[in-house]
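# An overview of the molecular structure
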Amino acid sequence: MEDKDTVRIEQETGEHPGDQKVALLQIIRGEDIGREFQLEPGSNIIGRQRSCSIQILDKSMSRRHAQIVNNPDESPDLRYTIYDLQSTNGIRVNGETKISCSLRTGDRVHLGSVVCKFMIVDTMERNFMNEIKKLIEYDDRTKLLQVKPFYNRLEKSLDLSDTSHGSLSMIMMDLDGLKQINERHGHLMGTEVIVRIADLIAEEFSPSGVVAIYGGDEFAAYLENTTKSEAVERAERLRALVAEMRFADKGAAERVTISIGVAEYPRDGTEMMTLVANADKALFVAKARGKNCVVPFDADMAGSPD
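Below, the structure is looked at part by part. (Residues numbered from 1 in each chain as written. Predicted model: local features only at pLDDT ≥ 70, side-chain atom pairs only at ≥ 80, totals over all residues. Heavy atoms only, no water.)

## With respect to the sheet that holds strand E14 (residues 218–224)
What counts is decided by this rule: Two strands make a pair as long as DSSP finds a minimum of two bridges between them. Secondary structure elements are defined from DSSP: runs of H or I of at least 4 residues count as helices, runs of E of at least 2 residues count as strands, and each element is numbered from the N terminus. Fitted lines through C-alpha atoms serve as axes, helices being fitted only where they are in contact, and the angles separating the N-to-C directions of these axes extend from 0 to 180 degrees. Contact criterion: two residues are considered in contact whenever any of their non-hydrogen atoms come within 4.5 Å of each other.
Strand order in the open sheet made by the five strands is E13-E14-E12-E15-E16, with mixed pairing throughout. Of all the strands in the sheet, just strand E13 (209–213) and strand E16 (294–296) have a single pairing partner and so form its edges. Each strand axis lies, on average, 20° off the axis of its neighbour in the sheet, ignoring direction. For strand E15 (residues 257–265) and E16, the ladder comprises three bridges, and the chain directions are parallel. By the bridge assignment for E16, Val-262 is matched with Pro-296. Relative to the sheet, helix H5 (residues 228–244) contacts strand E12 (168–176), E14, E15 and E16, its axis offset from that of E15 by approximately 170°.

## Some thoughts on the environment of Leu-223
As for its position among the elements, Leu-223 is in strand E14. It is 9.0 Å that separates the C-alpha atoms of Leu-223 and Val-211, two residues lying 12 residues apart in sequence.

## Comments concerning the side chain of Thr-257
For Thr-257, the location among the structural elements is in strand E15. Residues in contact with Thr-257, not counting those within four places in the same chain, are Asp-174, Leu-175, Asp-176, Val-242, Ala-243 and Asn-292.

## Overview of the environment of Ile-201
Formally: Here's how the labels work: a residue is buried when its accessible area is under 20% of the maximum for its type, exposed when over 50%, partly exposed in between, all with a 1.4 Å probe on protein chains only.
Relative to the helices and strands, Ile-201 is located in helix H4 (residues 187–205). Take Ile-201: its relative accessible area is 0%, and that puts it in the buried class. Once residues within four sequence positions are removed from consideration, Ile-201 is found in contact with Met-173, Val-211, Phe-219, Leu-238 and Ile-258.

## Re the nonpolar core
Rules: Think of a nonpolar core as a cluster: buried Ala, Val, Leu, Ile, Met, Phe, Trp, Tyr and Cys residues, connected wherever their side-chain atoms sit within 4.5 Å.
Residues Ile-171, Met-173, Ile-197, Ile-201, Phe-205, Phe-219 and Ile-260 are the most contacted members of the largest nonpolar core, which totals 31 residues. Contributions of two or more residues to this core are made by E12, helix H3 (178–185), H4, E13, E14, H5 and E15. Considering every element that reaches this core, the biggest residue donor is H4, with eight residues. When residues no more than four places from it in sequence are discounted, the contact partners of Ile-197 are Leu-175, Val-242, Met-245, Phe-247 and Val-256. The next biggest cluster of nonpolar side chains, apart from the first, holds 26 residues, and it includes Phe-150, Ala-212, Ala-279 and Cys-293.

## What to know about the pairing of strand E1 (residues 22–29)
Burial of E1 is extensive: six of the eight residues sit out of reach of the surface. Bridge analysis of E1 against strand E11 (residues 114–121) gives seven bridges, and the strand direction is antiparallel. When the bridges of E11 are listed, Gln-26 appears paired with Lys-117. Note that E1 and strand E2 (residues 36–38) share three bridges and pair antiparallel. Note that in E2 the partner of Leu-24 across the bridge is Gln-38. Turn length for the E1-E2 hairpin, with the two strands adjacent in sequence and antiparallel, is six residues, and the turn residue Gly-30 shows positive phi of about 145°.

## A closer look at the pattern of salt bridges
When the charged atoms of two side chains lie near each other, side chains of opposite charge can form a pair. How we decide: The term salt bridge refers to a pairing of a side-chain nitrogen on Lys or Arg with a carboxyl oxygen on Asp or Glu at a separation within 4 Å.
Applying the stated criterion to the full structure yields 15 salt bridges. One salt bridge in this structure joins Asp-268 and Lys-228, with 2.9 Å as the shortest N-O distance. Of the two residues, Asp-268 is situated in the loop between E15 and helix H6 (272–288) and Lys-228 in helix H5; the sequence distance between them amounts to 40 residues. On the accessibility criterion, Asp-268 (8% relative accessible area) is buried. Owing to a relative accessible area of 9%, Lys-228 belongs among the buried residues under this scheme. Taken together, the salt bridges that share partners define one network made up of Asp-32, Arg-35 and Lys-156.

## A few points about the packing of aromatic side chains
Here is the rule we go by: Only Phe, Tyr and Trp rings are paired, with Trp represented by its six-membered ring, and only when their centres lie within 6.5 Å; those with planes under 30 degrees apart are stacked, over 60 edge-to-face, the remainder tilted.
Here the structure, examined in full by the defined rule, presents four aromatic pairs. Their ring planes at 75° and their centres at 6.3 Å tell us that Tyr-151 and Tyr-214 sit as a pair that is edge-to-face. Separated by 63 residues along the polypeptide, Tyr-151 in helix H2 (residues 147–164) and Tyr-214 in the loop between E13 and E14 bring together distant segments of the chain.

## Considering a nonpolar patch on the surface
Counted only if it meets this: Patches here are clusters of residues that have more than 30% relative accessible area and form no salt bridge, with a 9 Å joining cutoff for like charges and a 5 Å cutoff for nonpolar side chains (Val, Leu, Ile, Met, Phe, Trp, Tyr). Reported accessibility uses the Shrake-Rupley method at a 1.4 Å probe radius. Residues are deemed covered only where the shown protein chains occlude them.
Taken together, the side chains of Phe-128, Ile-132, Leu-135 and Ile-136 present a nonpolar region at the surface, about 450 Å² in accessible area. As for its position among the elements, Leu-135 is in helix H1 (residues 123–137).

## As for the sheet that holds strand E8 (residues 96–98)
The six strands lie next to each other as E2-E1-E11-E10-E7-E8, forming an open sheet whose pairing is antiparallel. Because the sheet does not close on itself, it has two edges, and the strands there are E2 and E8. Averaged over all pairs of adjacent strands, the angle between strand axes in this sheet comes to 30°, irrespective of strand direction. Packing against the sheet, H1 makes contact with E1, E2 and E11, and its axis sits at approximately 140° to E11.

Here is the structure:
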């Protein structure tokens, strides 16, 4: 007996002709857990070096650690071969030390302390993996990065800035006046304000910026190849745009502003958490000065509360 309210669908037969299988190396243990790399035809060099086609910035990884050769002309069992490039910590496949060997889907590859899974997937599986990764890395409300993946990206960007002797600016932000909106109009209205300002921050700091939701109404961002004075200029533009925002269409007449602190690598901190802390100190000073302003970090703030 058929349910009358059940929607009938066309039954799928076999594989979709458009589905193309690809080989992936996915990190399953390490700082970049969940990150995946597609293995292109030919040589795929794995290591810390910037020129590597698969760059993994882990201290246990050699600059040029291993090579995976993808030979499409070989049979499936011989198509993917991994080679140790005389690395310091070697490679292991399924727990066994190897100089070279063929890879099969499901194999676990140890590269120093990083563990990767080799797999061959189709389009549906790839899309599923991407959706799971988004759920893990991004905040569902604002669509901004969560703190941990943000820190992972920041650490890599700092390593690249160190290698290229470039600047990077860290920006910490906190909304002013959101508490009044929450108290008078409820937290759903407060969430709407956060989402709209999050969209504005992401838009203003793209394409060179990486933005995260840092707390309930706090945000963090960093700008690559950007000096502190340049970052202050961009932050000031953001501050002015937030101050102009109104939420009367949602029934709230209250004004929300944003306070911002800025610090620059390596001038204001050579370690990641020192840089973040100093940008946060500048933010603390911005709040103390009356809010709705941008403050760059300077050495006199070193003793300020976190």
